[in-house]
Amino acid sequence: MSLTPTQTQDQKEAFIQRGRSTASAGSGRNLLEVSALKMHFPLTQGIIFQRQVGAVRAVDGIDFFVEKGETLGLVGESGCGKSTTGRAILQLYKPTGGSVKFEGTELTTLGGEQMRKMRRKMQMIFQDPYASLNPRMTVGNIIGEPLEVHHLAAGKAKTERVQELLRIVGLNPYFTNRYPHEFSGGQRQRIGVARALAVEPDFIVADEPISALDVSIQAQVINLLEELQEKFNLTYLFIAHDLSVVRHISDRVAVMYLGKIVELADRIDLYERPLHPYTQALLSAVPIPDPAVEQKRKRIILTGDVPSPVNPPTGCRFHTRCWKAQQICSEVDPEFIEHAPRHWAACHFPGA
Amino acid sequence: MSATATPLIAMAPARRASAGLWSNALYRLRRDRLTLAAATTLTVLVVLSILAPLLAEHVFDRSFEQQDLLKTYHPPTLDPPAYLLGGDELGRSQVVRLLYGGQVSLFVGFVAAFMNLTIGIGLGLISGYFRGPVDDVITWFITTLNSIPIIFLLIIITTLFAPGALTLTIIIGLLFWTGITNFVRGQTFALREREFILAARTIGAASWRIMFRHVLPNILPLIFVLLAIDIGTIILAESALSYLGLGIVPPTPSWGNMLSNASTYFSRAWWLVVSPGATIFLTVLCLYLIGDGLRDALDPRLKGAS
């Protein structure tokens, strides 16, 4: 079989692609692979003839993978597209572009019914435990619903399974007839966790699962999530803006800014040797619980606001607020490349 | 499976066992005296209307069209019982006519409202949940329907079909649902953006399930109130329509046509206005109270049960 010129060209490009070692590079251990994922929300004008006048580029081309059994933390300011990323991965929003592969299956092209069946394997824990539980359903019905939907249990078996799930998340199994409003925030979040666990998923997107909770309850829920991960071999995408919590729970951390991932590395690597100036600025804002060290701590204070995602800056999106910015930063969008083993960053002057 | 985490709350004995929303609602309703009284009153009205032929024959000894021109404008009296509520301009027994009128008015009210509700909820849910082109088509249809003068439409229908209680019911049932659809659509719009709907999609619930298990129960209490208002409106609208010669043709009585008829004789015989007026008022009041009671009974956040 002879190679036509185009085929050789393709193969050459494929080789270059592989050599570049993108952050979403395929490997057998990856549960989830996201590449060039884009989620734009159109802005329209006009009443009868709606024309698109622009788009909110909530997520604008991100690449990453999640390995089986790990926790990938996703941090960033509010409005940077963290939650949108989580929802686009679970196909709760139809992504504008890019690919999401779960266990090798491309999710973006799946039909409605196929995707509905895939949802057994991937679940979500929501930020607001008050808004994410139907106020007119009993706890038993809320947790039992996924069992019904996927025909996992019915009748007495369902009741027993619901009680077991309540026990697993540390709630009284006889609470099945109560309504969400009868519980505290922490308890409600446990109900949300039990609902996600009902279908025995492999992957859970935890969308700021503790930021709506009282500080005294946060640790309990974090510990519960860790316990469950060990017990059921779960993989988490943990979205948060609390850097110390992310440091505690994550194996690897991705930092997002204005719809893009700017840095992705193993936890220790990222916290000890941040390459991207935005990550450096974020980390410098974390208080240290030691007055002597805290006094000497040097803070990097960013000036200005986050630019609008409707009209992001040219070149590097961070250049408008970056103290290291040069001419090139406003002209060329830095590539997201591996600067050290398993340490990706998108910056023209990393680490400096 | 053994408990992973120790339960935060000491095991308390299970409270009153219940199966869910409806059994709880029933439990609460049984303790709500006002709603029970309203339900009883309405039931009595319905039963009396159903028994109208029997009562007319055995108690009042009058048919609803039997005239007695010597007793025109007879004031209310206990003897004979046929003139319990007086006699009308042709000396007919007001009480017997009121009972027969109940048959027509309640039938038209309930059946037409039920039709309105079915169409209204169905289209409203579909329109509000799916949005996009489906919503555009339904909204366009509603706007078009609402922009046609209803009188004009009714006159056309009258010439096409034989007027009668059943025709009237079907016409009202098929034409008056747009308000309910708009209401349900608006509520669905608001609800579908709530996080628990997103959560339902995340667990893999199909669209019909989200519409009927998550959206509908959250608007049902308001729908009950809407239904009560709708039945009241229909009972009153029926009289207006009968006046046009559509629907109830005299001498068949209905509460509506009795009321509009009696208004002419108000200065001579006030009781002819009061009895159908009070009956309509009582019916609508009972419906409102029941709707209100159901709304409270279906709200798990209101204490009172268990």
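Our subject in this report is the structure included herewith. (Residues numbered from 1 in each chain as written. Chains lettered and ligands numbered in written order. Predicted model: local features only at pLDDT ≥ 70, side-chain atom pairs only at ≥ 80, totals over all residues. Heavy atoms only, no water.)

**A few points about the overall build of chain B**
Secondary structure assignment for chain B yields 12 helices and zero strands. In chain B, the succession of helices and strands from N to C terminus is α-α-α-α-α-α-α-α-α-α-α-α. Out of the 306 residues belonging to chain B, those deemed buried represent 47%. Working note: accessible area of chain B is about 15000 Å², and carbon and sulfur atoms make up 69% of it. (Helix = DSSP H or I, 4+ residues; strand = E, 2+ residues; numbered from the N terminus. Buried < 20%, exposed > 50% of the residue type's maximum accessible area, 1.4 Å probe, protein only. Areas by Shrake-Rupley, 256 points an atom, 1.4 Å probe, with all protein chains shown as cover.)

**Description of the nonpolar core**
Core analysis: the largest hydrophobic core is formed by 58 residues, its most contacted members being L125(B), I219(B) and I223(B). It is helix α10 (residues 207–243) of chain B that provides the largest number of residues to this core, a total of 13 residues. Discounting residues that sit within four places of it in the chain, I219(B) has contacts with L125(B), V184(B), Q187(B), T188(B) and L191(B). With 53 residues, the next largest nonpolar core counts I168(A), L224(A), L234(A) and F318(A) among its residues. (Core = buried A, V, L, I, M, F, W, Y, C linked by side-chain atoms within 4.5 Å. Contact = heavy atoms within 4.5 Å.)

**Some thoughts on the environment of W177(B)**
Residue and element names in this part refer to chain B. Tracing the backbone shows W177 in the loop between α7 (165–175) and α8 (178–192). Residue class for W177 comes out buried when judged on its relative accessible area of 4%. In sequence terms W177 and V274 are 97 residues apart; their C-alpha atoms lie 30 Å from each other.

**Brief notes about the environment of I204(A)**
All names here are of chain A. On the secondary structure map, I204 appears in strand β7 (residues 203–207). The class for I204 is buried, based on a relative accessible area of 2%. Separated by 63 residues in the primary sequence, I204 and R267 place their C-alpha atoms 19 Å from one another. Not counting chain neighbours up to four residues away, the residues in contact with I204 comprise Q123, I125, A196, L197, L234, T235, Y236 and L237.

**Details of the packing of aromatic side chains**
Residue and element names in this part refer to chain A. Per the counting criterion, the structure on display carries 10 aromatic pairs over all chains. Aromatic pair F41 and Y93: ring centres 5.3 Å apart, planes at 90°, arrangement edge-to-face. One end of the pair, F41, is in strand β1 (residues 30–45); the other, Y93, is in the loop between α2 (82–89) and β4 (97–102), and 52 residues separate them in sequence. Accessibility expressed as a relative area gives 28% for F41, which makes it partly exposed. Geometrically, the ring pair formed by F175 and F183 is edge-to-face, given 5.3 Å between the ring centres and 70° between the ring planes. In this structure F175 comes out as buried when scored by relative accessible area, which is 4%. The exposure class assigned to F183 is buried, which follows from its relative accessible area of 7%. (Phe/Tyr/Trp six-rings, centres within 6.5 Å; stacked < 30°, edge-to-face > 60°.)

**Examining unusual backbone geometry**
Backbone geometry places E208(A), a non-glycine residue, at a positive phi of 45°. For E208(A), the location among the structural elements is in the loop between β7 and α7 (215–232). You will see that R131(B), though not glycine, has its phi angle at about 50°, which is positive. The residue R131(B) is located in the loop between α4 (94–130) and α5 (132–147) in this model. With a relative accessible area of 35%, R131(B) lands in the partly exposed category.

**Examining the side chain of T188(B)**
Residues and elements named next belong to chain B. Looking at the element boundaries, T188 is found in helix α8. Classification of T188 by relative accessible area gives buried; the value is 0%. Looking at T188, its side chain comes within polar contact range of the main-chain oxygen of V184, at 2.6 Å. For T188, the contacting residues outside a window of four places in its chain are G124, L125, G128, Y129, V215 and I219. (Polar contact = N/O pair within 3.5 Å; in protein donor to acceptor, adjacent residues only side chain to side chain.)

**Remarks on α4(B)**
Residues and elements named next belong to chain B. With 37 residues, α4 ought to run about 54 Å at 1.5 Å a step, and its terminal C-alpha atoms sit 52 Å apart, in line with that. Of all bends in α4, the biggest is about 25°, found at G101. Backbone geometry just downstream of α4 places R131 in the positive-phi region, at approximately 50°. (Expected span 1.5 Å × (residues − 1). Bend = angle between axes of the 7 residues up to and from the residue.)

**A word on the sheet that holds strand β9 (residues 252–257) of chain A**
Residues and elements named next belong to chain A. Pairing is mixed in the open sheet, where eight strands are placed in the order β6-β7-β8-β3-β9-β10-β12-β11. Of all the strands in the sheet, just β6 (122–125) and β11 (337–340) have a single pairing partner and so form its edges. With strand direction ignored, the average angle separating the axes of adjacent strands in the sheet is 25°. Direction of pairing for β9 relative to strand β10 (residues 260–266): antiparallel, over a ladder of six bridges. Looking at the pairing, A254 lines up with L264 of β10. (Pairing = 2+ DSSP bridges. Axes fitted to C-alpha atoms, helices over the stretch in contact; angles between N-to-C directions.)

**Considering the pattern of salt bridges**
Residues and elements named next belong to chain A. Going through the model one piece at a time under the given rule, you end up with 29 salt bridges over all chains. For E67, the salt bridge identified is with R342, shortest N-O distance 3.2 Å. Placement of the pair is E67 in strand β2 (residues 51–67) and R342 in the loop between β11 and β12 (343–345), with a sequence separation of 275 residues. Residue classification places E67 among the buried positions, given a relative accessible area of 8%. (Salt bridge = Lys/Arg side-chain N within 4 Å of Asp/Glu carboxyl O.)

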